[in-house]
Amino acid sequence: MIIGQIKNGIVLDHITAGMGMELYNLLGLDRLNCQVALIKNAESKKMGKKDIIKIDEEIDFDVDALGYIDTNITVNIIKDGKLFKRKHLEVPEKVVNIIRCKNPRCITTTEQELPHVFKLTNREKKIYRCIYCESKGK
Amino acid sequence: MNHLIDILQLTEAEIDELIAVAEDIIANPAKYAEKCHGKKLATLFFEPSTRTRLSFEAAMYELGGNVLGFSEAQSSSASKGESVSDTIRTVGCYADIIAMRHPKEGAPVVACQSSTVPIINAGDGGHNHPTQTLTDLLTIHREKGTFSGLTIGLCGDLKFGRTVHSLISAMSRYENVKFVLISPDELKVPDYIIEDFLEANNIEYVETTSLEEAMPELDILYMTRVQRERFFNEQDYIRLRDSYILDMEKLKGAKKDMCILHPLPRVNEIAKDVDNDPRACYFKQVLNGKFIRMALILKLLEID
Ligand SMILES: [Zn+2]
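What follows concerns the overall build of chain B. Tallying secondary structure elements over chain B gives 12 helices and nine strands in all. Over its C-alpha trace chain B gives a radius of gyration of 20 Å, about what one expects of a compact globule, namely 19 Å for 304 residues. For the C-alpha atoms alone, the extent of chain B along its principal axes is close to 55 × 45 × 40 Å. Classification of the 304 residues of chain B by burial places 57% in the buried group. Considering only contacts in chain B between residues 6 or more positions apart, those separated by 24 or more positions represent 73%. Total accessible area on chain B stands at roughly 12,900 Å², and carbon and sulfur atoms take up 48% of it. A distance of 5 Å separates the average location of the 33 positive side-chain charges in chain B from that of its 46 negative side-chain charges.

This is the structure in C-alpha cells:
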C-alpha cells in the first residue's frame, strides 16, 4: 500500500499526536489481515502534529469507542479511491467494554460474562457511570 | 415491565400514590385481604436479611397471596455457580413477582434484563434499598402529614449509611426541606451526595458534630449506628461512640413532636428508655414497612 492511496477503506484523521498506538490497540487493528498504516506526528495546520491511521478495508468498528476517546477524530470512508463519507464524532451516550468497572463490590466481578456498560450521566463533565453499580468510570 | 431498583425511579407523584394506597390499607385492611389471591411472590435472598424478607412475606400473605423462595445463597442454585439471570428466568416461571437481595451492587439491574416478571430490589450490597426508603417516607408522612418544610437531622454514620444517602436523595425533591448532618468528621456525608443532591437542588444543609446542639430545631431525627470497624483505632471509636447515642438526657432539648427514626437493627445507639417516649417511631416504622411493601406489590402487579 502506498500511504495516501487507499481504494476501499477507512482513514482516521486528526488523532491527537501520540494517541495513535492506543487507538490501534483499542480497536483491535492488530487482529486485521489487511494492510494498516499508523502514521505518527504528521504535520497538521490545525493541530501542529497529529497521528493518522489508514486501514485498507472497510471494517466495522466501535464508533462510540472512538467518540469516547476523542471527539476531534474524523472518520473518512474511502470508496473507489475517493472520499465517500466523512463522519464527525460525538460524545457517546453509552460505551460497552471500553471502560471496565473497578468497584470490587460490583456484580461484574462475580458474573464475568457480563458486558461492562457505562452510561454518560454528565455531558459537561464527561462523567460515565457503570449501569450496574453506578461507580464513576475512570 | 415495572421494576423497582432505585428510589429515584419513582416520581414524587408515584410516591404520593403509594403512600395513599398504604394509608388506605391501614384504614381498611379487609378490603385488601384477597387482592393477591392466586399470586405468588418469590423472595430470593442471595444474602440473609431476615427482617426484610419477613416484611415482604408478611406483606404478600396479608394481600391473600403466597410466598416461595430461599433465604441464603447456600440453599439456592447460586451456590452451584448459576448466574443471576438464569436464576431469575427459572423463578419467573413459578412466581408473579420477585423481591431479591444480593450482596453485589447492581445485581438487580442484571435481573431486570432477563426477567419476565416485576423485580423489587430488596437491597444490593451497600448500594440501593428502595423499600427501606419508602418505609422511611411513609413514616415521615404519617407522623408529619407532609414532606415539605421539614428539618431533618441525620445522625451517626453518614459516610457508609446507604439508607441515609437514599433518604437525602428522595427528600431533596421536596420544598423547604433542611438537612442537619450530624456525624464525627470521620463519617461525614460523601461529597457526591452534597454536590449531586443538596447543592444541585439548592437544599439548605448544615454539617455538625454535636447532636445536642442540633436537637432543638429538628422535626425528624434519623439515627444510624456508628460501627467500630469504621475507625482506625479503638480510642477514637470509644471517644466518639457516646456522642452519637440517643438517650433521655439528649432528648431534653428536642421538640415535643419530633419524630425519631432508625432503620433497625439497633445495637446501643438509642437507649432502651427512649422506646417509651412518644417521639420514638422506629417500631411503627417496621409496621409501616409492611404496609408500603403491600402497596408496592399491588402497584407492580397492576392490581387496583
Ligand atoms: Zn460496576
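A separate point is the coordination of the zinc ion. Residues and elements named next belong to chain A. Bound to the zinc ion on the protein side are Cys101 (SG), Cys106 (SG), Cys130 (SG) and Cys133 (SG), at distances that span 2.3 Å. Classification of the site at the zinc ion as tetrahedral follows from its four donor atoms and the range of 101 to 116° in their angles at the metal. Sequence spacing of the donors to the zinc ion: C-x4-C-x23-C-x2-C. With a gap of 32 residues between them, cysteine 101 in the loop between β6 (94–96) and β7 (117–122) and cysteine 133 in the segment after β8 (127–130) connect regions that are remote in the sequence. With a relative accessible area of 11%, cysteine 101 lands in the buried category.

Let us look at the packing of helix α1 (residues 12–27) of chain B against helix α6 (residues 130–144) of chain B. Residues and elements named next belong to chain B. Packing of α1 against α6 leaves a shortest axis separation of 10 Å and a crossing angle of 70°. Considered as vectors, α1 and α6 are oriented roughly perpendicular to each other. Our pair here, α1 against α6, has a crossing hand that is right-handed. Residues Ile15, Leu18, Ile19, Ala22, Glu23 and Ile26 of α1 touch α6, and the partners they reach there are Leu134, Leu137, Leu138, His141 and Arg142. Along the lines of polarity and charge, the residues of the contact of α1 with α6 split into eight nonpolar, one polar and two charged.

This part is about the interface of chain A and chain B. Counting residues at the interface gives 15 residues for chain A and 15 residues for chain B. A buried area of about 1,100 Å², summed over both sides, lies between chain A and chain B, and 47% of it is on carbon and sulfur atoms. Ranking the residues of chain A by area buried against chain B places A:Arg105, A:Ile107 and A:Tyr132 at the top, with a combined share of 41%. If you look at where chain A meets chain B, you find two salt bridges. For B:Asp196, the salt bridge goes to A:Arg129, with nearest N and O atoms at 3.9 Å. Across the contact surface, chain A and chain B share eight residue pairs in polar contact (both at pLDDT 80 or more). Residues of the side of chain A that touches chain B, tallied by class, amount to seven nonpolar, three polar and five charged.

The subject of this paragraph is the domain arrangement of chain A. Interfaces are often described in size by the accessible area the parts lose on coming together. Residues and elements named next belong to chain A. Entries for chain A in the domain assignment read domain 1 (9–88) and domain 2 (94–130). Inter-centroid distance (C-alpha atoms) of domain 1 to domain 2 is 25 Å. Of the residues lining the interface, seven residues belong to domain 1; the matching set on domain 2 comes to seven residues. Roughly 490 Å² is buried in total at the junction of domain 1 and domain 2, and carbon and sulfur atoms are behind 66% of that figure. There are zero salt bridges connecting domain 1 and domain 2. No other element matches helix α2 (residues 63–69), which puts five residues into the side of domain 1 that touches domain 2. In the side of domain 1 that touches domain 2, the residues fall into four nonpolar, one polar and two charged.

This part takes up the domain arrangement of chain B. Residue and element names in this part refer to chain B. Looking at chain B, the domain boundaries give domain 1 (7–129 + 289–300) and domain 2 (130–285). Tallying the contact residues gives 29 residues for domain 1 and 21 residues for domain 2. A combined buried area of about 2,200 Å² lies between domain 1 and domain 2, and 62% of that area is made up of carbon and sulfur atoms. The largest share of the area that domain 1 buries against domain 2 comes from Ile7, Leu8 and His129, three residues that together contribute 30% of it.

The next subject is the sheet that holds strand β5 (residues 82–88) of chain A. Hydrogen bonding along the main chain pairs the strands of a sheet, whether they run parallel or antiparallel. Residues and elements named next belong to chain A. Taken together, five strands build an open sheet; the order of strands is β2-β3-β1-β4-β5 and the sheet is antiparallel. Pairing within the sheet leaves two strands with one partner each, and these edge strands are β2 (36–44) and β5. On average, each strand axis in the sheet is inclined to that of its neighbour by 20°, with strand direction left out of account. Pairing of strand β1 (residues 9–16) with strand β3 (residues 48–55), which is carried by five bridges, proceeds in the antiparallel orientation. Following the sheet pairing, threonine 16 is matched in β3 by lysine 50.

Here we take up unusual backbone geometry. With an omega of 0°, the peptide bond running from B:Leu264 to B:Pro265 counts as cis. Mapped onto the elements, B:Pro265 comes out in the loop between β9 (259–261) and α12 (282–300). Although it is not a glycine, A:Glu134 sits at a positive phi angle of roughly 70°. When you line up the elements, A:Glu134 lands in the segment after β8. The class for A:Glu134 is partly exposed, based on a relative accessible area of 34%.

Residues and elements named next belong to chain B. Their axes nearest at 8 Å, the elements α6 and α12 cross at an angle of 110°. For the element pair α6 / α12, the angle class is roughly perpendicular. Here α6 and α12 pass one another in a crossing that is right-handed. Where α6 approaches α12, its residues Thr131, Gln132, Leu134, Thr135, Asp136, Leu138, Thr139, Arg142 and Glu143 are matched on the opposing element by Lys284, Gln285, Asn288, Gly289, Phe291, Ile292, Arg293 and Leu296. Here the residues of the contact of α6 with α12 are counted per class, giving five nonpolar, seven polar and five charged.

Conventions adopted
- Residues numbered from 1 in each chain as written.
- Chains lettered and ligands numbered in written order.
- Predicted model: local features only at pLDDT ≥ 70, side-chain atom pairs only at ≥ 80, totals over all residues.
- Heavy atoms only, no water.
- Helix = DSSP H or I, 4+ residues; strand = E, 2+ residues; numbered from the N terminus.
- Rg over C-alpha atoms; globule rule 2.2 N^0.38 Å.
- Buried < 20%, exposed > 50% of the residue type's maximum accessible area, 1.4 Å probe, protein only.
- Contact = heavy atoms within 4.5 Å.
- Areas by Shrake-Rupley, 256 points an atom, 1.4 Å probe, with all protein chains shown as cover.
- Lys, Arg positive; Asp, Glu negative; His and termini not counted.
- Charge placed at Lys NZ, Arg CZ, Asp CG, Glu CD.
- Donors = N, O, S within 2.8 Å, 3.2 Å for Na, K, Ca; no water.
- Tetrahedral: all angles 85-135°; square planar, octahedral: opposite > 155°, others 65-115°.
- Axes fitted to C-alpha atoms, helices over the stretch in contact; angles between N-to-C directions.
- Parallel < 35°, antiparallel > 145°, perpendicular 65-115°, else oblique.
- Left-handed = near helix turned anticlockwise from the far one by under 90°.
- Nonpolar A, V, L, I, M, F, W, Y, C, P; charged D, E, K, R; others polar.
- Buried area = accessible area lost by both parts, 1.4 Å probe.
- Salt bridge = Lys/Arg side-chain N within 4 Å of Asp/Glu carboxyl O.
- Polar contact = N/O pair within 3.5 Å; in protein donor to acceptor, adjacent residues only side chain to side chain.
- Domains from an automatic or database assignment.
- Pairing = 2+ DSSP bridges.

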